[in-house]
Amino acid sequence: VIYRFMNIKTAISEGVNLLSNNLIKCPGLDSEILLAEVLNKKREFLILNLDEKIEEKNFLIYRDLIKQRSLGKPIAYLTKKKNFWNSEFKICEGVLIPRPDTEILIQETLKIFKNKESANILDIGVGSGCIILSILKEKPSFYGKGIDICAKSINLSTFNASKLGINNRVKFIKTDVDNFCFGKYDLIISNPPYIKSYEIKYLEKDVNCFEPRLALDGGLDGTLKTLKIINKARILLKKNGKLVLEIAYNQKNNVVDLLKKKGFYINKIIKDYAQNDRCIISTKIS
């Protein structure tokens, strides 16, 4: 290919071919996202300007990204960003990529606290900060803390808090959940690692080969970390405080039992977009 004659249409179709040959799920969409990123344009611009020429240096950057995507590297790690709820979050390798299904936690939390003027929130296993920061952005008089065992997550969450202009209402602390004993909370929220250890190798290549095992591995039955969070929530929640948990599609009964044994009342269980059980809302009553 003579690069000086490479236009947007040809570049996209070259990307689509490579991604299709490597069985990547959305080759057209992924090629457009990556080219738009390199050219610093919106996808709409590409579609309306298919004949526009691409500079050689940009084409080479794009081709390198397509190659990495063809090996399974997730789009969010290639573009270093991900839209979640109403904001764009910076993302980096080594930190879990936010999922659309996790937005259900935000939606339900905002319903619960619709009429509350103030609340103190704790996000356990904060990752990119997407959960707690999305809530704080919607509720300007709420305050919170986020904890994570991973230094990368703490740095990334701190960056995202500044980017969204809410760093004065949140504090991020690098700690294991077992060692955190600070404060009393109206809400504890968490998307814990909940995949059974032996199932991780069967996940899609994008996840299995690229996302941090620490953020996926829930132990032998998938509820090891969830149980730690429930135990901690018993201590740190105010009476009648809420615990909002994301769960795996097949964990409802198991997690409901754990919660009831620890003195929580089950308010409701919410399904995700694929109609799988995804979120449990409970109240500390004893």
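Scroll up to find the structure this text is about.
Now for a look at the structure at hand.

### Regarding the sheet that holds strand 7 (residues 237–246)
With mixed pairing, the 7 strands of this open sheet are ordered in space as 5-4-3-6-7-9-8. Looking along the sheet, the strands with just one partner apiece sit at the ends: strand 5 (170–174) and strand 8 (264–271). Pairwise comparison of adjacent strand axes, ignoring direction, gives a mean angle of 15 degrees for this sheet. Along the sheet face, helix 8 (residues 151–163) touches strand 4 (143–148) and strand 5 and points at about 170 degrees away from the line of strand 5.

### Here we look at the pairing of strand 8
With 7 bridges joining them, strand 8 and strand 9 (residues 277–284) adopt antiparallel strand pairing. Following the sheet pairing, F264 is matched in strand 9 by K284. Hairpin remark: strand 8 followed by strand 9, antiparallel, with 5 residues in the connecting loop; positive phi at Q275, about 65 degrees.

### What about helix 10 (residues 224–236)?
The end-to-end C-alpha separation of helix 10 is 19 Å, in line with the 18 Å expected for 13 residues at 1.5 Å each. Turning to helix 10, its buried residues number three or more, namely T226, I229, I230, K232, A233 and L236. Turning to helix 10, the residues buried within the fold contact strand 3 (120–124), strand 6 (185–190), strand 7, helix 11 (252–261), strand 8 and strand 9.

### What to know about the state of the cysteines
The full count for this structure, using the stated rule, is 0 disulfides. C92 carries a free sulfur, and the closest cysteine sulfur to it, the one in C150, is 7.7 Å from it. Note on C92: relative accessible area 22%, which makes it partly exposed.

### Considerations on the environment of L214
Within the secondary structure layout, L214 lies in the loop between helix 9 (205–208) and helix 10. Placed 113 residues apart in sequence, L214 and D101 show a C-alpha to C-alpha distance of 20 Å. With sequence-adjacent residues up to four places away left out, L214 is seen in contact with I149, C150, P193 and K225.

### Section: the packing of helix 1 (residues 8–21) against helix 4 (residues 56–70)
One can describe the packing of helix 1 onto helix 4 by two numbers: an axis separation of 9 Å at closest approach and a directional angle of 20 degrees. What the angle tells us is that helix 1 and helix 4 run roughly parallel. Every pair of crossing elements has a handedness; the one defined by helix 1 and helix 4 is right-handed. Only F59, Y62, R63, I66, K67, R69 and S70 of helix 4 make contact with helix 1, whose side of the interface consists of A11, I12, E14, G15, L18 and L19. Residues belonging to the contact of helix 1 with helix 4 are distributed by class as follows: 7 nonpolar, 2 polar and 4 charged.

### Focus: the environment of T283
Checked against the element boundaries, T283 lands in strand 9. Residue T283 is classed as buried on the basis of its relative accessible area of 6%. Spatially, the C-alpha atom of T283 lies 19 Å from that of I135, the residues being 148 residues apart in sequence. A polar side-chain atom of T283 sits 2.6 Å from a polar atom in the side chain of N267.

### Let's talk about the pairing of strand 7
Two faces belong to every sheet, and in a regular strand the side chains alternate between them. Counting buried residues in strand 7 gives 7 out of 10 residues, a clear majority hidden from the surface. Where strand 6 lies against strand 7, 5 bridges are found, and the strand directions are parallel. Note on strand 7: the bridge partner recorded for I188 is L243. Relative to strand 9, strand 7 runs antiparallel, the two sharing 5 bridges. The partner of L243 across the bridge, within strand 9, is S282.

Each value, and the rule that gives it
- Residues numbered from 1 in each chain as written.
- Predicted model: local features only at pLDDT ≥ 70, side-chain atom pairs only at ≥ 80, totals over all residues.
- Heavy atoms only, no water.
- Pairing = 2+ DSSP bridges.
- Helix = DSSP H or I, 4+ residues; strand = E, 2+ residues; numbered from the N terminus.
- Axes fitted to C-alpha atoms, helices over the stretch in contact; angles between N-to-C directions.
- Contact = heavy atoms within 4.5 Å.
- Expected span 1.5 Å × (residues − 1).
- Buried < 20%, exposed > 50% of the residue type's maximum accessible area, 1.4 Å probe, protein only.
- Disulfide = S-S within 2.5 Å.
- Parallel < 35°, antiparallel > 145°, perpendicular 65-115°, else oblique.
- Left-handed = near helix turned anticlockwise from the far one by under 90°.
- Nonpolar A, V, L, I, M, F, W, Y, C, P; charged D, E, K, R; others polar.
- Polar contact = N/O pair within 3.5 Å; in protein donor to acceptor, adjacent residues only side chain to side chain.

Keep in mind these values describe shape, not function.
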